[in-house]
Amino acid sequence: MSRSTVQLKTLVRREILRFVRRPYNTFLPPIITNTLYFSVFGVILGSRIGAIAGVSYIQFVLPGLVVLGAISDAFENASFSIFHGRWNNYIDAVIVTPMSNLNMVVSYVIASATRGILTALLIVGVGLVFTSVPISHPFYLVGFILVITTLFGGLGIIGGLWADDFDYLTVMNQFILRPLVFFGAVFYSLDVLPPLWRNVSLLNPMVYMVNGVRYGMIGVTEINPNTSLVVLSVTTAVVLAFDFLLFKRGYGLTE
């Protein structure tokens with residue numbers, strides 16, 4: 001095993017253990033939150049709304065809740081880890097190693113994407129308590145989950161390097177990411193919107209993520225999944241390249 005591989009595995013292992021060792025902070029909140037979502041929106045309101053696109057309402061909202069949990073935790077993991085390391089100066093222990101900037105970025109992204117994927121699985125598990133969870137297109141489902149968790153792990157790195165205090169992280173997650181997801185056709189179909197607002201909604205990148213995961217799970221989508229996957233993949237590559245440039249420059253790390 002090469003030295004580069006050992007360095008990569010070591011940092012990935014440290015970052016994964018950081019959140020695995022705190023299950024009450026990492027895994028319990030999405031379980032409780034999504035139990036409430038499914039109870040209120042799926043069971044209580046869903047029984048009154050009926051079917052959408054040929055599936056029950058609770059099955060229709062499930063993919064959106066998976067996206068919401070996965071991207072929030074992937075973003076939070078990377079941003080908090082980077083910022084907390086800067087705040088307490090222990091990120092210096094990573095910077096001074098002979099580890100390449102590329103391996104540093106890849107390590108943080110892998111760990112963050114892993115947390116996002118685990119959260120997605122937990123939400124699906126909660127969903128199974130309330131309804132069946134069909135998987136219509138497993139390859140699309142896996143592809144979209146991998147891409148969006150990687151994308152938001154990369155965005156979390158940018159957030160962690162940019163933030164000046166913990167309030168910045170809260171603002172980005174609670175007041176930017178979550179509203180975008182809620183207006184990303186999680187709880188409704190784009191077809192119920194007037195033409196103007198439907199076109200405006202298409203400017204929201206979350207719409208493509210939610211529809212992509214929804215297509216993978218229940219086979220329902222309002223946007224071509226191939227187009228969505230290509231666009232999201234290219235966006236992810238651009239974000240990761242930007243992460244690398246920030247680490248190479250030392251932005252937020254040495255300033």
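Preceding this section is the structure that the text describes.
This is a predicted model, so every value here is computed, not measured. (Residues numbered from 1 in each chain as written. Predicted model: local features only at pLDDT ≥ 70, side-chain atom pairs only at ≥ 80, totals over all residues. Heavy atoms only, no water.)

A.B. asks: Help me understand the overall build of the protein chain in this model?
C.D. replies: A tally of regular secondary structure across the protein chain gives 12 helices and 0 strands. Reading the helices (α) and strands (β) of the protein chain from amino to carboxyl end gives α-α-α-α-α-α-α-α-α-α-α-α. In terms of C-alpha radius of gyration, the protein chain reaches 19 Å, essentially the compact-globule figure of 18 Å for 255 residues. Across its three principal directions, the C-alpha atoms of the protein chain cover 60 × 40 × 35 Å. (Helix = DSSP H or I, 4+ residues; strand = E, 2+ residues; numbered from the N terminus. Rg over C-alpha atoms; globule rule 2.2 N^0.38 Å.)

A.B. asks: Looking at this structure, I do not really get the environment of Gly-160. What am I missing?
C.D. replies: Tracing the backbone shows Gly-160 in helix α8 (residues 138-162). Taking relative accessible area as the criterion, Gly-160 reaches 0% and is therefore assigned buried. Considered as a pair, Gly-160 and Gly-252 are 92 residues apart in the sequence and their alpha carbons are 8.4 Å apart. (Buried < 20%, exposed > 50% of the residue type's maximum accessible area, 1.4 Å probe, protein only.)

A.B. asks: Would you explain the nonpolar core in this entry?
C.D. replies: Across soluble globular proteins, nonpolar side chains have a tendency to be buried as a group. Membership of the largest hydrophobic core comes to 45 residues, with the highest contact counts inside it found for Leu-65, Ile-148, Phe-152, Met-209, Val-213 and Met-217. Elements represented by at least two residues in this core include exactly α3 (28-44), α5 (57-87), α7 (101-130), α8, α9 (166-182), α11 (205-218) and α12 (225-249). The dominant element in this core, judged by the number of residues it contributes, is α5, at 14 residues. Counting 15 residues, the second largest nonpolar core, distinct from the first, contains Ile-91, Met-99, Val-109 and Leu-161. (Core = buried A, V, L, I, M, F, W, Y, C linked by side-chain atoms within 4.5 Å.)

A.B. asks: What am I meant to see in the side chain of Arg-18 here?
C.D. replies: If you trace the backbone, Arg-18 turns up in helix α1 (residues 3-20). A polar contact of 3.0 Å, which involves the side chain of Arg-18, links it to the side chain of Asn-77. In contact with Arg-18, not counting residues within four places along its chain, are Asn-77, Phe-80 and Ser-81. (Polar contact = N/O pair within 3.5 Å; in protein donor to acceptor, adjacent residues only side chain to side chain. Contact = heavy atoms within 4.5 Å.)

A.B. asks: What is the right way to look at a nonpolar patch on the surface in this model?
C.D. replies: The grouping of Val-40, Val-43, Ile-44, Leu-45 and Ile-49 at the surface amounts to a nonpolar patch, some 400 Å² of accessible area in total. Sort the elements by how many residues they give to the nonpolar patch and α3 lands first, with 3 residues. Along the chain, Ile-49 falls in helix α4 (residues 46-49). (Patch = residues over 30% accessible without salt bridge, like charges linked within 9 Å, V, L, I, M, F, W, Y side chains within 5 Å. Areas by Shrake-Rupley, 256 points an atom, 1.4 Å probe, with all protein chains shown as cover. Salt bridge = Lys/Arg side-chain N within 4 Å of Asp/Glu carboxyl O.)

A.B. asks: How should the pattern of salt bridges be read in this particular structure?
C.D. replies: Should their charged atoms come close, side chains of opposite charge can pair. Across all of its chains, the model carries 5 salt bridges by this definition. Notably, a salt bridge pairs Asp-73 with Arg-115, separated by 3.8 Å at the nearest N-O pair. One end of the pair, Asp-73, is in helix α5; the other, Arg-115, is in helix α7, and 42 residues separate them in sequence. Across this residue pair, the class does not change: Asp-73 and Arg-115 are buried.

A.B. asks: Can you walk me through the packing of aromatic side chains in this structure?
C.D. replies: What characterises a pair of aromatic rings is the spacing of the ring centres plus the angle enclosed by the ring planes. Counted according to the given criterion, the structure contains 6 aromatic pairs. Judged by centre distance (5.6 Å) and plane angle (25 degrees), the ring pair of Phe-38 and Phe-130 falls under stacked. On the criterion of sequence distance, the pair formed by Phe-38 in helix α3 and Phe-130 in helix α7 is long-range, its members being 92 residues apart. Seen in terms of ring centroids, Phe-83 and Trp-87 are 5.5 Å apart; in terms of plane orientation they differ by 45 degrees. Their pairing is tilted. Residue Phe-83 and its partner Trp-87 are located together in helix α5, separated by 4 residues, close to a single helical turn. Its guanidinium or amino end placed over the ring of Phe-60, Arg-214 lies 3.7 Å from that ring's centre, counting from NZ or CZ. (Phe/Tyr/Trp six-rings, centres within 6.5 Å; stacked < 30°, edge-to-face > 60°. Lys NZ or Arg CZ within 6 Å of the ring centre and 35° of its normal.)

A.B. asks: Looking at this structure, I do not really get the packing of α3 against α7. What am I missing?
C.D. replies: Describing two packed helices takes the angle between their axes plus the distance from one axis to the other. Interhelical geometry of α3 versus α7 gives an angle of 40 degrees and a closest axis separation of 10 Å. On the basis of the axis angle, α3 is oblique to α7. The two elements α3 and α7 cross, and the hand of that crossing is right-handed. For the pair α3 and α7, contact is made by Pro-30, Ile-31, Asn-34, Thr-35, Phe-38, Ser-39 and Val-43 and by Thr-119, Leu-122, Ile-123, Val-126, Gly-127 and Phe-130, respectively. Split into classes, the residues belonging to the contact of α3 with α7 amount to 8 nonpolar, 5 polar and no charged. (Axes fitted to C-alpha atoms, helices over the stretch in contact; angles between N-to-C directions. Parallel < 35°, antiparallel > 145°, perpendicular 65-115°, else oblique. Left-handed = near helix turned anticlockwise from the far one by under 90°. Nonpolar A, V, L, I, M, F, W, Y, C, P; charged D, E, K, R; others polar.)

A.B. asks: How should the environment of Leu-177 be read in this particular structure?
C.D. replies: Tracing the backbone through its elements, the reader meets Leu-177 in helix α9. Judged by relative accessible area, Leu-177 falls into the buried class, the value being 9%. It is 20 Å that separates the C-alpha atoms of Leu-177 and Phe-41, two residues lying 136 residues apart in sequence. Other than its neighbours up to four places away in sequence, Leu-177 contacts Phe-75, Phe-152, Met-172 and Met-206.

A.B. asks: What is the right way to look at the side chain of Ser-79 in this model?
C.D. replies: Structurally, the position occupied by Ser-79 is in helix α5. Within the structure, the side chain of Ser-79 is placed 2.8 Å from the backbone oxygen of Phe-75, a separation counted as a polar contact. Excluding residues within four positions of it along the chain, Ser-79 makes contact with Gly-156, Gly-159, Gly-160 and Leu-169.

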